[in-house]
Amino acid sequence: MPLSWIVLGLLAFAMAGFFLGRARATRAVQGDARKLHSLPFYYGAHVFLMTFVSAFGLLVFWMAAQPSVIGWWIGAGLEGEPGAITLQLSEIKRGAAQLLETGTSPYDAASVVGAGAVRYAGMVQAGHLFMVVAVVLVALGGFFVSLRQVSGEFRARNSVEASVRGLLIGASLIAILTTVGIFLALIFNTIEFFRIYPASQFLFGTVWQPSSGGGAMQPLGLLPLLWGTLFISAIALAVAVPIGLFAAIYLAEYATPRFRNTVKPLLEVLAGIPSIVYGLFALLTVGPMLLKVFGSGGLGWMQGASSVMTAGLVMGIMLIPFVSSLSDDIINAVPQALRDGSYGLGATRSETIRQVVLPAALPGIVGAIILAASRAIGETMLVVFGAGAAGRLSANPFEAMTTVTAKIVSQLTGDSDFTQPEVLVAYALGTTLFLVTLGLNLLAQKIVAKYREQYT
Amino acid sequence: MFDAKISETTVTQNDIKIAARKVQVYYGEAHAIKDVSVDILDKTVTAFIGPSGCGKSTFLRCINRMNDTIPICRVEGDILLDGEDIYDKRVDPVNLRARVGMVFQKPNPFPKSIYDNVAYGPRIHGLARTKADLDEIVERALRRGAIWEEVKDRLHQPGTGLSGGQQQRLCIARAVATEPEVLLMDEPCSALDPIATAQVEELIDELRQSYSVVIVTHSMQQAARVSQKTAFFHLGNLVEYGDTEQIFTNPVDPRTESYITGRIG
Ligand SMILES: Nc1ncnc2c1ncn2[C@@H]1O[C@H](COP(=O)(O)OP(=O)(O)O)[C@@H](O)[C@H]1O
Ligand SMILES: [Mg+2]
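Being a predicted model, the structure only gives us computed values, none of them experimental.

> For this particular structure, what's the right way to read the overall build of chain A?
Looking only at helices and strands, chain A has 15 helices and zero strands in total. Taken over the C-alpha atoms alone, chain A extends approximately 80 × 75 × 35 Å along its principal axes. Of all 456 residues assigned to chain A, the portion counted as buried reaches 41%. The contacts of chain A with a sequence gap of at least 6 include a subset with a gap of at least 24, amounting to 71%. Split by element, the accessible area of chain A, about 23700 Å² in all, is 69% carbon and sulfur. Charge separation in chain A, taken as the distance between the mean sites of 26 positive and 21 negative side-chain charges, equals 13 Å.

> Before we go on, may I ask you to explain the overall build of chain B in this structure?
When you go through chain B residue by residue, the secondary structure sums to 10 helices and 10 strands. Whereas a compact globule of 265 residues would reach a radius of gyration of roughly 18 Å, chain B reaches 18 Å, a difference of no more than 12%. A principal-axis box enclosing the C-alpha atoms of chain B has dimensions of 55 × 45 × 40 Å. The burial tally for chain B puts 54% of its 265 residues in the buried class. Here the contacts in chain B between residues at least 6 apart in sequence split such that 66% fall between residues at least 24 apart. For chain B, the exposed area adds up to about 11900 Å²; of that, 49% sits on carbon and sulfur atoms. Taking the 31 positively charged and 37 negatively charged side chains of chain B as two groups, their mean positions are separated by 4 Å.

> Quick question: what am I supposed to make of the site of ligand 1 here?
All names here are of chain B. Neighbouring ligand 1 are Y27, A32, S52, G53, C54, G55, K56, S57, T58, I70 and I72. The backbone of G55 places a nitrogen or oxygen atom 3.1 Å from an oxygen atom of ligand 1. T58 has a polar side-chain atom sitting 2.4 Å from an oxygen atom of ligand 1. Alone, ligand 1 offers 560 Å² of accessible surface; in the complex the protein occludes 59% of this. Here the element with the most residues in the shell around ligand 1 is helix α1 (residues 56-63); it accounts for three residues. Residues of the shell around ligand 1, tallied by class, amount to five nonpolar, five polar and one charged.

> Quick question: what am I supposed to make of the packing of aromatic side chains here?
The description of two aromatic rings rests on the distance between their centres and on the angle between their planes. Counted according to the given criterion, the structure contains 23 aromatic pairs over all chains. A ring pair is formed by F18(A) and F19(A), whose centres lie 5.3 Å apart and whose planes are at 85°; its orientation type is edge-to-face. Above the plane of the ring of F110(B) lies R174(B), whose end atom (NZ or CZ) is 4.1 Å from the centre. Here K229(B) stacks its cationic end above the ring of Y241(B), 5.7 Å away from the centre of that ring.

> Is there a simple way to explain helix α3 (residues 114-124) of chain B in this structure?
Each α-helix turn comprises 3.6 residues. Residues three or four places apart therefore point the same way. The buried fraction of α3(B) is high, at nine of 11 residues. As for α3(B), its buried residues are in contact with α11 (336-344) and α12 (349-378) of chain A together with α4 (131-144), α5 (148-151) and α6 (164-176) of chain B. Two residues or fewer past α3(B), G126(B) is found with a positive phi of approximately 60°.

> Help me understand the sheet that holds strand β4 (residues 73-81) of chain B in this model?
Pairing between the strands of a sheet is mediated by backbone hydrogen bonds and can be parallel or antiparallel. Residues and elements named next belong to chain B. In space, the four strands of this open sheet follow the order β2-β1-β4-β5, with antiparallel pairing throughout. On the outer flanks of this sheet lie β2 (30-41) and β5 (84-85), each paired with one strand and no other. The pairing of β4 with β5 spans two bridges and is classified as antiparallel. Its bridge partner being in β5, L80 is matched across the sheet by D85.

> Honestly, the confidence of the model for chain B in this entry has me stumped. Any pointers?
Caution is warranted with low-pLDDT regions, since their predicted coordinates should not be read in detail. Residues and elements named next belong to chain B. For chain B, the average pLDDT comes to 89, and 94% of its residues sit at 70 or higher. A low-confidence stretch, residues 1-14 stays under pLDDT 50, and its non-local contacts, those more than four residues away or across chains, total 14 contacts. Across the whole predicted complex the pTM is 0.76, and at the interface the ipTM reaches 0.87.

> Help me understand the domain arrangement of chain A in this model?
It is common to give the size of an interface as the accessible area lost on bringing the parts into contact. As far as domains go, chain A holds domain 1 (3-171) and domain 2 (223-455). Measuring from the centre of the C-alpha atoms in domain 1 of chain A to the corresponding centre in domain 2 of chain A gives 47 Å.

> Is there a simple way to explain the interface of chain B and chain A in this structure?
Each partner contributes to the interface: chain B provides 21 residues, whereas chain A provides 18 residues. Summing both sides of the interface, chain B and chain A together bury roughly 1600 Å²; the carbon and sulfur share of this comes to 65%. When the buried area of chain B at its contact with chain A is split by residue, P111(B), Y120(B) and I124(B) rank highest and sum to 32% of it. Scanning the region where chain B abuts chain A turns up four residue pairs in polar contact (both at pLDDT 80 or more).

> What is the right way to read a nonpolar patch on the surface from this model?
Residues and elements named next belong to chain A. Taken together, the side chains of L270, I273, I276, V277, M381, V384 and V409 define a hydrophobic patch exposed on the protein surface, amounting to about 470 Å² of accessible area. Those elements that place two or more of their residues in the nonpolar patch are α9 (275-294) and α13 (381-386). By secondary structure assignment, the location of V409 is in helix α14 (residues 404-412). With relative accessibility at 35%, the residue V409 sits in the partly exposed group.

The rules behind these values
Residues numbered from 1 in each chain as written. Chains lettered and ligands numbered in written order. Predicted model: local features only at pLDDT ≥ 70, side-chain atom pairs only at ≥ 80, totals over all residues. Heavy atoms only, no water. Helix = DSSP H or I, 4+ residues; strand = E, 2+ residues; numbered from the N terminus. Buried < 20%, exposed > 50% of the residue type's maximum accessible area, 1.4 Å probe, protein only. Contact = heavy atoms within 4.5 Å. Areas by Shrake-Rupley, 256 points an atom, 1.4 Å probe, with all protein chains shown as cover. Lys, Arg positive; Asp, Glu negative; His and termini not counted. Charge placed at Lys NZ, Arg CZ, Asp CG, Glu CD. Rg over C-alpha atoms; globule rule 2.2 N^0.38 Å. Near = heavy atom within 4 Å. Polar contact = N/O pair within 3.5 Å; in protein donor to acceptor, adjacent residues only side chain to side chain. Nonpolar A, V, L, I, M, F, W, Y, C, P; charged D, E, K, R; others polar. Phe/Tyr/Trp six-rings, centres within 6.5 Å; stacked < 30°, edge-to-face > 60°. Lys NZ or Arg CZ within 6 Å of the ring centre and 35° of its normal. Pairing = 2+ DSSP bridges. pLDDT = per-residue confidence, 0-100. Domains from an automatic or database assignment. Buried area = accessible area lost by both parts, 1.4 Å probe. Patch = residues over 30% accessible without salt bridge, like charges linked within 9 Å, V, L, I, M, F, W, Y side chains within 5 Å. Salt bridge = Lys/Arg side-chain N within 4 Å of Asp/Glu carboxyl O.

Right, dumping it as structure tokens:
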């Protein structure tokens, strides 16, 4: 039975439960709803939740657990080294999948893999059958138990509310657990990388020159990439922070409400443009323009259109709406009473802004800048297009360099062999990025929290 | 202010600090102050009383042109400070506000140190030539604000860390530091406990020695305690204005009587 049918059937059954539960509650009090503890709706909802959620939860759990249980079962029967077993198992899985889909196995049924595939496919089918039976039983159980509970005194509202809270907890758990999972995957693969590649060579190496099959000897130095990332981010912030901040001050303090109400949503639209669009802009417009001035025809500092300056400028432009929109909110949150106090002492508008509003908003603005910085550091598509591909340690902003993010992309594209350091290094780079942006975000949060304390 | 002297001086002009003539205030279409004329005396505490929304704050804010900061607000009529029209084009509202200080309903210390809060006005207006000058101005203002003893050892800690009553006295000190001629106070005690209120009231009585003080209050007792003159506002009109004692013991207008005996408002 296909999955969608099971889910639809469950839903229909639970809906029927809803109406039955509601009707039963009304009947229990001879139609006088005032005698019920809760509104009739809650009795129906109680039956619905008990039927659907329990069965659906089992379904999800079963489907998540079944592959690993079967894999473990089959794997236990195989012989050989751990690595070889893993390899055999993945072939068995592939064979079983084809067998289930087309009815014919790509492997000889007499071979170990072929026999395994047949067994595997059989277990999958049996598991599926068991699952359907179990789900139906649970649904029926939930249905009858909850329906029997329905009576005038039953506190259906409380029970429904408890289930709702359970759902909310479940959702937040999923959010937290996936984050933890991603983090663990990063960490384990990074450890794996450091097992086959010396950590000091990665952390302090000044040359980035991966070569396929180069092993532990190839130079995979983090510093040139980190330097490129920081250099580009610094240029981007140097562009975005003053312009964004001044724009925010104008919007919040000088502009008429009508102007502000038109421009603010526009800025927010700008902030939502995907970065690859900015990347195209960097590659096709800004790069060639810079080349005209600073290239061999002009000052001669620039070799090609890709450079730290190209990527930094365009990233700065990309971040302007981000900085100005956030700063505008923060400046607006400064209490009007402070401005009045300053005007009341005979201060002009610009004195008030410089000496009262901005100092009061400063922690929030610093928070906004740090958030912008962590976006700049994590930006990928734009630097892939605008910055270049070669890792380089240089102080000339017109040279092409590359960043941590761009190299994660290039190390993982194409045929990747996840036992080689030049591929696994992507995880170490990812962990580096993760730690840098995590640190920045924590810092921003701390500063913003401090800012909140002042006015509550 | 401009230097032109107004020629027609009357005998009582010396005593009149602020003269308002036929003042109208509109918020967009809403007519918030209707034809108010009043003479406010120098070295006197004048109380504005009246039910909420009758326009006390609005009228108070006309006197230092704080209403200029509200885009939809429009003021008509004349307000003279020492005989000079403060709504004249040649008057810079910023300079005016240095002469007519204001204390607000809710204490609003800047997120700066206590010292910098008080030094804010003097710095902006260049009142101190040296650091020692400024120190002296700050100390004098804090003493007049009756808060010097409490803060003299923590001048460089944030003003926002003080208690509500201390913050309000700091704001008063901040306002007197620019040596204003008139001090406007909009319900300065409404956020304070009785002890802090008593301190502020005592302070107001002292400030009367040097300034003309105008105070908006919701408390009849407070008006009776601190003021010599009282003005009663109702629905944007100035209903009655006279000696505080007379207003409270023998009001002329029936509306005033209803209000002070608690029947309207
Ligand atoms: N900023 C403003 N915008 C529009 N209307 C206002 C504004 N401030 C006050 N008003 C209106 O003006 C009237 C007088 O208000 P206000 O002077 O604050 O009264 P009071 O201080 O006596 O309680 C009220 O009707 C109020 O709604
Ligand atoms: Mg008021």
